[in-house]
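As a plain string of letters, each chain reads:
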Number of protein chains: 2
Amino acid sequence: MMKSFWRGSAMTMSASGKSVEDLLPPFLRHDSIAYVKDGSLFMRDRRKLPLEIADVECRTTEEAADAINAMVTQGGGPLEVALLALLLAERRGEDLAEAVSVLSASRPTNSTMRRTLAAILDDVRNGEDCGSAIQAAFDYYDSLYDSISDIGESLISDGDGILTRCFPEHTFMLSVRKAKENGKRIKVFVPETRPYLQGAKLTEPSLRAMGIECYLITDGMCAHYMAEGMIQKYMTASDLALSDRTVVNKTGTLSDAIAAKYFGIPYYAFSLSIDSGARREDIVLEERDGWGEPGYGASMLYPLFDVIPSGLVTGIVTKEGIL
Amino acid sequence: MMKSFWRGSAMTMSASGKSVEDLLPPFLRHDSIAYVKDGSLFMRDRRKLPLEIADVECRTTEEAADAINAMVTQGGGPLEVALLALLLAERRGEDLAEAVSVLSASRPTNSTMRRTLAAILDDVRNGEDCGSAIQAAFDYYDSLYDSISDIGESLISDGDGILTRCFPEHTFMLSVRKAKENGKRIKVFVPETRPYLQGAKLTEPSLRAMGIECYLITDGMCAHYMAEGMIQKYMTASDLALSDRTVVNKTGTLSDAIAAKYFGIPYYAFSLSIDSGARREDIVLEERDGWGEPGYGASMLYPLFDVIPSGLVTGIVTKEGIL
């Protein structure tokens, strides 16, 4: 019987004796991403953070998929949401293959979510209990965040100015938190990340909540602070990473990565799992129409993601080390 | 008697028989920038465009300087506003040297405004009538916009996708307008230019008003569309240009210029006048604190301008040709 790839992980404690859950900023703790109550899935609406704490209730698998697609949650959010949505689909006696298909289609670029759901489906077909397969997945990712962020922390030097992009989620947040716990003095520069402002709404408040010195800048200022000598590392999450070191991440990352190369600043992308089989031409990039005000009637383009060629990527930080 | 540098220019007609005023988009026509009424200077509030047409009344030279400093107008706006403010200062019998000093200090990076005001002061000291010296300055700049945009037009090819930044004002707008009048099919990509959104509020609506195909993008998407092969030219105004081809322009321009270099796309900056005596270390760069919401309590940085080193600049478009 083929076991899913996360078998063998356990409750995670970092070297400091604090759990991953203790070290994370509030927005990234499990209950702040999604939870189950009275048979419904409640998903924290990241579009309203940090000013308003509001949860979107999803009564069906389709509603959960629609909410993911509508960017109610993003980054690492869809993975946790999809796991809980699958749990509820099983409890309601739905066809699990159909549920996995609907959820996977909600964010085609997010291959980690797709692979995890497919692996759970395999386990269940092989006789595994659905609930325990899902719990094992949660435990696996907590342990993964912990080990990847240990490597991330080792890349950070005392005195570093670090640029990031969008909301770089668990692995980056734990890396800088651990660097701080280890006495390293760091500054993080956070581009607001238009149009959805994940940098302004999620990243900067999360860093501030962890007591890390951070500055909000606009998306066009990244090269400016590189030129001023204030940035020593560029670090982002990745929505997808290929084994040839091609990275897919939020729009704006390509621009930053080119500027980092120009100024000789290393660029590290964090990846939960490398798409070892995929090639550049296999990447499915989501496109969206417009993005609301301020458009004033303009034709607006919105490619969600950039493809960053391997020549611009210093390393991909994975649980196995730096690729 | 030293004559000011704009002598000899006349009422400007482009080759098509249309005046510069006819060719400009509505926001850039003289009366849409500033006008005098009942002894007051009225300045169009660009921060409220395009949704609201509102003018700020300035009763004194200090009020005009404060409004310029508060970004009520920007780009080529401060020059026209300062000319009218000086005219009113003279009518009120104020000390002209003091008025020039107050107005020049309102935007230290804007050396075109400073030099023009200083030249008028010289003329008046040499016995010139203040009103006619100021009218001659207006005529000179209309003629300058016309000749610079003839050169700008010649750089544009049929089928070009052109990226710009912020609100690139008269010279760029006339260049693309003339390209369109000459039957060239072009597309312009306009970054919204946070935090003040001049791209979304001024540039895109102006291009649309001229019937030019244009797309609003966020500040982080410029490299994306270069990578997609959709951009053949990068063209901006400049707040300041040195004779060694160093350019100072709105924050974001450095990032774009680095990406343009990476993709082999030429970068042209328009300049009304080169600061031939200045060196890199003489440049006075304005800095601002924060920039309002969405900051959610964050520490925000806002360097208004980028310095773009000459190695990233293909050419500076001046009235004498391409530097």
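Details of the structure are given in the entry above.
Cut-offs used in this document
Residues numbered from 1 in each chain as written. Chains lettered and ligands numbered in written order. Predicted model: local features only at pLDDT ≥ 70, side-chain atom pairs only at ≥ 80, totals over all residues. Heavy atoms only, no water. Buried < 20%, exposed > 50% of the residue type's maximum accessible area, 1.4 Å probe, protein only. Helix = DSSP H or I, 4+ residues; strand = E, 2+ residues; numbered from the N terminus. Arc of directions from axis to C-beta. Contact = heavy atoms within 4.5 Å. Pairing = 2+ DSSP bridges. Axes fitted to C-alpha atoms, helices over the stretch in contact; angles between N-to-C directions. Parallel < 35°, antiparallel > 145°, perpendicular 65-115°, else oblique. Left-handed = near helix turned anticlockwise from the far one by under 90°. Nonpolar A, V, L, I, M, F, W, Y, C, P; charged D, E, K, R; others polar. Buried area = accessible area lost by both parts, 1.4 Å probe. Salt bridge = Lys/Arg side-chain N within 4 Å of Asp/Glu carboxyl O. Polar contact = N/O pair within 3.5 Å; in protein donor to acceptor, adjacent residues only side chain to side chain.

This part takes up helix H3 (residues 61-69) of chain A. All names here are of chain A. Restricting attention to buried positions, one finds in H3 the residues Thr-61, Ala-64, Ala-65, Ala-67 and Ile-68. For H3, the buried positions fall inside an angular range of 160° around the axis, keeping them on one side. In the core, the buried residues of H3 are packed alongside strand S2 (40-44), strand S3 (55-58), helix H4 (77-91) and helix H5 (96-104). Residue Met-71 follows H3 closely and has a positive phi angle near 65°.

Residues and elements named next belong to chain B. A large share of strand S2 (residues 40-44) lies buried, amounting to five of its five residues. A two-sided burial pattern is seen for S2, the buried positions comprising Ser-40, Phe-42 and Arg-44 on one face and Leu-41 and Met-43 on the other. Both strand S1 (residues 34-37) and S2 contribute to a ladder of four bridges, which runs antiparallel. The residue bridging Ala-34 from the neighbouring strand is Met-43, located in S2. Pairing of S2 with strand S3 (residues 55-58) involves four bridges; the strand directions are antiparallel.

The description of two helices packed together rests on the angle between their axes and the distance between the axes. Residues and elements named next belong to chain A. Contact geometry of H4 with H5 gives a least axis separation of 10 Å together with a crossing angle of 155°. On the basis of the axis angle, H4 is roughly antiparallel to H5. Crossing hand, H4 versus H5: right-handed. Residue-level contacts link Ala-82, Ala-85, Leu-86, Ala-89 and Glu-90 of H4 to Leu-96, Ala-99, Val-100 and Leu-103 of H5. Here the contact of H4 with H5 is built from residues that sort into eight nonpolar, no polar and one charged.

With that settled, the discussion passes to the sheet that holds strand S13 (residues 305-308) of chain A. All names here are of chain A. As summarised here, the arrangement of the three strands in space is S8-S9-S13, forming an open sheet in which the pairing is antiparallel. Here the strands that pair on one side only, and so sit at the sheet edges, are strand S8 (240-241) and S13. Direction of pairing for S8 relative to strand S9 (residues 247-250): antiparallel, over a ladder of two bridges. The partner of Ala-241 across the bridge, within S9, is Val-247.

Before going further, it helps to examine the interface of chain A and chain B. With 46 residues of chain A in contact, the opposing surface of chain B contributes 46 residues. When chain A packs against chain B, close to 3800 Å² is buried across both sides, 66% of that on carbon and sulfur atoms. One salt bridge in this structure joins B:Arg194 and A:Glu192, with 2.6 Å as the shortest N-O distance. Summed over the shared surface of chain A and chain B, the result is 14 residue pairs in polar contact (both at pLDDT 80 or more). Counting only elements with at least two residues in the side of chain A that touches chain B, the list comes to helix H9 (198-209), strand S6 (213-217), helix H10 (222-227), helix H11 (253-263), strand S12 (301-303) and S13 of chain A. Looking at the side of chain A that touches chain B, the element that brings in the most residues is H11(A), giving six residues.

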